[in-house]
Amino acid sequence: MTIRSHVTALLAAGLLASVAGAALAQSSLSVMSFGGAYQAAQRKAVFEPYTAKTNIKIAEQEYGGEIAKIKAMIQAGNVTLDVIDVDAPTLQQGCDEGIYEKLDWSKIGAKSEWLAGTTSDCGVGTIVYSTSLAYDSARLKDGPTSMKDLFDTKKFPGKRGLWKNPATNLEFALMADGVAPADVYKVLSTKDGVDRAFKKLDTIKKDIVWWEAGAQAPQILASGEVTMTTAWNGRIHNANKEGKQFKIVWDNQILDSNFWAIPKGAKNLTGSHDFIKYAVDPQALAAMTKYIPYGPVRTTAAQFVAKEDAANLPTSPDNLKTAITLDNAFWGDKGDEIRKRFTTWLSQ
Amino acid sequence: MDTTLEKIKILIAVREAARPARRAAFSLALPLLVFLIVTFVAPIVLLLFTAVNNPEPQAVIPQTLAALERWDGKAMPEEAVFAALAKELAQAQQDRTAALLGKRFNYEVPGMRSRVVSAARMALANPTGPYRERFLALDAEWGSPALWAVVKRNAGTLTPYYLLNAIDLQQEPDGSLQRVEADQRVFMTILGRTLFVAFTVTFLTLVLGYPVAYMLTIAPSGVARIMMLCVLLPLWTSLLVRTTAWVVLLQTDGVINDALLALGFTDHRLQLIFSRFGTVAAMTHIQLPFTILPIYSVMKSIPPTQLRAARSLGAGPLSSFWKIYAPQTVPGVMAGGLITFILSLGYYITPALVGGPGDQMVSNFISIYINRDLNWGLASALGVILLTVTIAIYLVFLRLVGAEKLRMG
């Protein structure tokens, strides 16, 4: 083959590929989520059945929740994504910044079926996850049973893992200090309340190992670095699937949700809405719980959840007794100020 | 006189003749120049601009800001101000820009985000006034002159807020500068810590790297080749992999603790990871090749015969090394040290993974403000401060040791 014929063949192949690409664009949606076990569950419960039903392919993307990435893409004016999975702070910030399309709820479902705080102009709640206390039952026979035990270094000596973020920790501290779950944010919105939370955290400060990425929590628990740690429940469940014997203490767990949103300037709004409608269908949400223990945000989905999966969900009635929901509006207002204080406190 | 004139004429003629060649040379360098402007100069200018840019208030509430110009700054503003704000917030609510404005003010007055958002909702629901009472009913803070002073201060499209915040200062309502509250002073501490860690790492890489570089130059070529490979190999491994390897080594149940216990150096496991020790150890390891290579390349250029000559003239081994060899290696030491120091200022993944809570560096906060908080103004301001400090240190360094002492190889 001469060089010229090589070039011709390449050109032909390129042309074919681009024609194929154009044809594909008609019947595919680009969806970005958080990767890992979470996205694998979405693939099984949502993406694959959706493709089977509609013949629309899902081109998957992954990210770590960096809202800056979405904002930069929209500012560059080339929006290649159709639907994105975002966490609650990212939803609120993005909504403030106007980087999501305003949703047409009539194309999705009745807002009243969603749990409080999981619907907005920009996002549709999809799952509820939990930040809660976990320990390794292989190392600790009589483990902690309440959030108070996290702060009880006499009864449970050893290091504790906490998320390196004031959010969730200040709430845990107040609840362990005796504040009723319903009053946590009322107390926290006063200066005295924040002082009280930091004072409580002071009592275990030298025993804390801080984790930042979600995967670190089960890792420091598995390595014995800590006796107990707060963690995202899906991560603990995953470690157990790999043979660990971690236990979750649901007392005073903090719930938060993820959302589906459409980036501003997405090319195929009808397609995006259609996908979201399918993804938050009660059956699809219930199917998710087979693969990852994140609770469905839609009340109508509960009836489809298998019994053996229901007990593992943060939203199961038994686990909800002393739970609170993370107040993202509070953190939107006070987050910057408290985070600075947290940083100063950390290095003291 | 004549000959001098002749000489100058000849020089000019030579320059004239060389002009096309110079132009050709310049045009060859042009792509690089354009590349540098696009990828280096423009982002820095943009960074400087973002650090002072303040577009939101003028874009969303221009009339309110105009009405506030007549406000005396002492009492609660008049109804006209509230009416203008209500009108503009109602529009902002429709344009979905109200929350953006609230977020901007929230930087300076915590709680403003939800205050502005709920006021915008109220304004859209009530097309007619009077508005002052309605604002006060929503939140009594709307009557506070301090809040309005912040609004008024933001009438310009440029603001010193981010830069001041990045050095823990704030503007009082009367315009004077004050340090922020004690529990909000973070950035100066972090900057000091960043400089301290960078300095420590630089010092350690020099102490560890200098003998290695020397060994590389005097070892037989076969051994030197293997040693060189050992120096370079880590450099070819991803930064994240090397950092994670340190996690494995340093963790409480890790190799180092196991070894120390087995050898009886300690009776309990030491806290090596999540500490300043971990940060410095991992960073020193990662930076070593950057320090060794410039030193090595300078050492390589020093003729070994000089040392032999010094010895033959009666100098002892130490004094011949110290008086003849070491002074000639200074340019390499300076270059290696400077590269490591400046690179160390920018670390953030390594301190985040092996460092303790008090080991986060400036870059870590820049990344948080860019990625998580979308506060690009503050991120840029921190970048500007870091850049200024780096340039200042570089200039002081040049002044102290002289530019001719700096050789990159």
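Draft legend 1. Representation of the overall build of chain A within the structure. What chain A contains, in helices and strands, is 15 helices and 10 strands. For 348 residues, the compact-globule estimate of 2.2 N^0.38 gives 20 Å, and the C-alpha radius of gyration of chain A, at 23 Å, lies within 12% of that figure. Viewed in the frame of its principal axes, chain A has a C-alpha envelope of about 80 × 45 × 45 Å. Residue burial in chain A is summarised as follows: out of 348 residues, 47% are buried.

Draft legend 2. Region of the structure containing the overall build of chain B. A tally of regular secondary structure across chain B gives 19 helices and 2 strands. For chain B, whose C-alpha radius of gyration is 31 Å, the value lies well above the compact-globule estimate of 22 Å for 409 residues. C-alpha atoms of chain B, sized along the principal axes, occupy 100 × 90 × 35 Å. Look at the contacts in chain B between residues 6 or more apart in sequence, and 68% of them connect residues 24 or more apart.

Draft legend 3. Structural detail: the domain arrangement of chain A. Residues and elements named next belong to chain A. When its domains are assigned, chain A resolves into domain 1 (26-128 + 257-310) and domain 2 (129-256 + 317-346). For domain 1 versus domain 2, the separation of C-alpha centres amounts to 27 Å. Across the boundary between the two partners, domain 1 contributes 12 residues, which contact 12 residues of domain 2. Among the elements of the structure, α2 (36-54), α4 (88-97) and β4 (123-136) are those that each provide at least two residues to the side of domain 1 that touches domain 2. The residue inventory of the side of domain 1 that touches domain 2, partitioned by class, reads 9 nonpolar, 3 polar and no charged.

Draft legend 4. Region of interest: the environment of B:Pro289. All names here are of chain B. When you line up the elements, Pro289 lands in helix α14 (residues 276-300). Classification of Pro289 by C-beta neighbours within 10 Å gives buried; the count is 22. Between the C-alpha atom of Pro289 and that of Ala90, which follows or precedes it by 199 residues, the distance is 60 Å. Residues within four places of Pro289 in sequence aside, it is in contact with Val231, Leu232, Pro234 and Leu235.

Draft legend 5. Highlighting helix α3 (residues 67-76) of chain A. For α3(A), the full list of buried residues reads A:Ile67, A:Ile70, A:Lys71 and A:Ile74. The buried residues of α3(A) occupy an angular sector of 95° when the element is viewed end-on, so they sit on one face. Counted as exposed and oriented over 90 degrees from the buried face of α3(A): A:Ala72 and A:Ala76. Looking at the buried residues of α3(A), the elements they touch are β3 (83-87) and α4 of chain A together with α18 (362-372) of chain B. Count one or two residues on from α3(A) and you reach A:Gly77, which has phi positive near 80°.

Draft legend 6. Highlighting the nonpolar core. A:Ala134, A:Ala261, A:Met288, B:Leu89, B:Ala120 and B:Leu382 are the most contacted members of the largest nonpolar core, which has 177 residues in total. Take this core: its biggest share by element is 13 residues, from α14(B). Contact partners of A:Met288, with chain neighbours within four places excluded, come to A:Ala41, A:Gln42, A:Ala45, A:Ile127 and A:Tyr294.

Draft legend 7. Spotlight on the interface of chain B and chain A. Of the residues lining the interface, 27 residues belong to chain B; the matching set on chain A comes to 28 residues. Mapped onto the side of chain B that touches chain A, the elements with two or more residues apiece are α5 (98-108), α6 (112-125) and α18 of chain B. Looking at the side of chain B that touches chain A element by element, the count peaks at 5 residues for α5(B). A per-class count over the side of chain B that touches chain A returns 10 nonpolar, 10 polar and 7 charged.

Draft legend 8. Structural view of the packing of helix α12 (residues 239-250) of chain B against α14(B). Residue and element names in this part refer to chain B. Orientation of α12 relative to α14, taken along the N-to-C sense of each, is 140°, at an axis distance of 10 Å. Comparing the axis directions of α12 and α14 gives the class oblique. Considering how the two elements wind past one another, α12 and α14 form a crossing that is right-handed. Residues Leu239, Arg242, Thr243, Trp246 and Leu250 of α12 pack against Gly278, Ala281, Ala282, His285 and Ile286 of α14. Taken together, the residues of the contact of α12 with α14 sort by class into 6 nonpolar, 3 polar and 1 charged.

Draft legend 9. Layout of the packing of helix α6 (residues 166-176) of chain A against helix α8 (residues 191-202) of chain A. All names here are of chain A. Where α6 meets α8, the closest approach of the two axes is 8 Å, and the angle between their N-to-C directions is 85°. Judged by the inter-axis angle, α6 sits roughly perpendicular to α8. Of the residues in α8, those in contact with Asn169, Leu170, Ala173, Leu174 and Ala176 of α6 are Gly193, Val194, Arg196, Ala197, Lys200 and Leu201. Its residues assigned to classes, the contact of α6 with α8 shows 7 nonpolar, 2 polar and 2 charged.

Draft legend 10. A look at unusual backbone geometry. Omega for the bond connecting B:Gly129 with B:Pro130 falls within 30 degrees of zero, at -5°, which places this linkage in the cis form. Tracing the backbone through its elements, the reader meets B:Pro130 in the loop between α6 and α7 (132-138). A positive phi angle is found at A:Asn55, which is not glycine, with a value near 65°. When you line up the elements, A:Asn55 lands in the loop between α2 and β2 (57-62).

Draft legend 11. Fine view of helix α11 (residues 221-236) of chain B. Residue and element names in this part refer to chain B. Here α11 is 16 residues long and its end C-alpha atoms lie 22 Å apart, about the 22 Å a rise of 1.5 Å per residue gives. At Cys230, α11 shows its maximal bend, which comes to roughly 25°, and the proline Pro234 appears one to four places after that position. Of all 16 residues that make up α11, 0 are buried, and the element is exposed over most of its length.

Draft legend 12. Structural detail: the confidence of the model for chain B. Predicted confidence across chain B gives a mean pLDDT of 90, with 98% of residues reaching 70 or more. Model confidence for the complex: the whole-complex pTM is 0.82, and ipTM, which rates the interface, is 0.76.

Draft legend 13. The environment of B:Ala83, seen in detail. All names here are of chain B. Tracing the sequence through the fold places Ala83 in helix α4 (residues 79-95). Overall, the presence of 19 C-beta atoms within 10 Å leaves Ala83 in the partly exposed class. Taking the C-alpha atoms as reference points, Ala83 and Ala67, 16 residues apart in sequence, are found 9.8 Å from one another. Not counting chain neighbours up to four residues away, the residues in contact with Ala83 comprise Gly129 and Tyr131.

Draft legend 14. Structural view of the environment of A:Arg196. Here A:Arg196 shows up in helix α8. What makes A:Arg196 partly exposed here is the crowd of 19 C-beta atoms within 10 Å.

Draft legend 15. Examining the pairing of β2(A) more closely. Alignment of strand β1 (residues 28-33) of chain A against β2(A), held across 6 bridges, turns out to be parallel. Residue pairing for β2(A): A:Met32 is matched across the bridge by A:Gln61.

Thresholds applied
Residues numbered from 1 in each chain as written. Chains lettered and ligands numbered in written order. Predicted model: local features only at pLDDT ≥ 70, side-chain atom pairs only at ≥ 80, totals over all residues. Helix = DSSP H or I, 4+ residues; strand = E, 2+ residues; numbered from the N terminus. Rg over C-alpha atoms; globule rule 2.2 N^0.38 Å. Buried ≥ 20, exposed ≤ 12 C-beta atoms within 10 Å, placed from the backbone. Contact = placed C-beta atoms within 7 Å. Domains from an automatic or database assignment. Nonpolar A, V, L, I, M, F, W, Y, C, P; charged D, E, K, R; others polar. Arc of directions from axis to C-beta. Core = buried A, V, L, I, M, F, W, Y, C linked by C-beta atoms within 7 Å. Axes fitted to C-alpha atoms, helices over the stretch in contact; angles between N-to-C directions. Parallel < 35°, antiparallel > 145°, perpendicular 65-115°, else oblique. Left-handed = near helix turned anticlockwise from the far one by under 90°. Expected span 1.5 Å × (residues − 1). Bend = angle between axes of the 7 residues up to and from the residue. pLDDT = per-residue confidence, 0-100. Pairing = 2+ DSSP bridges.

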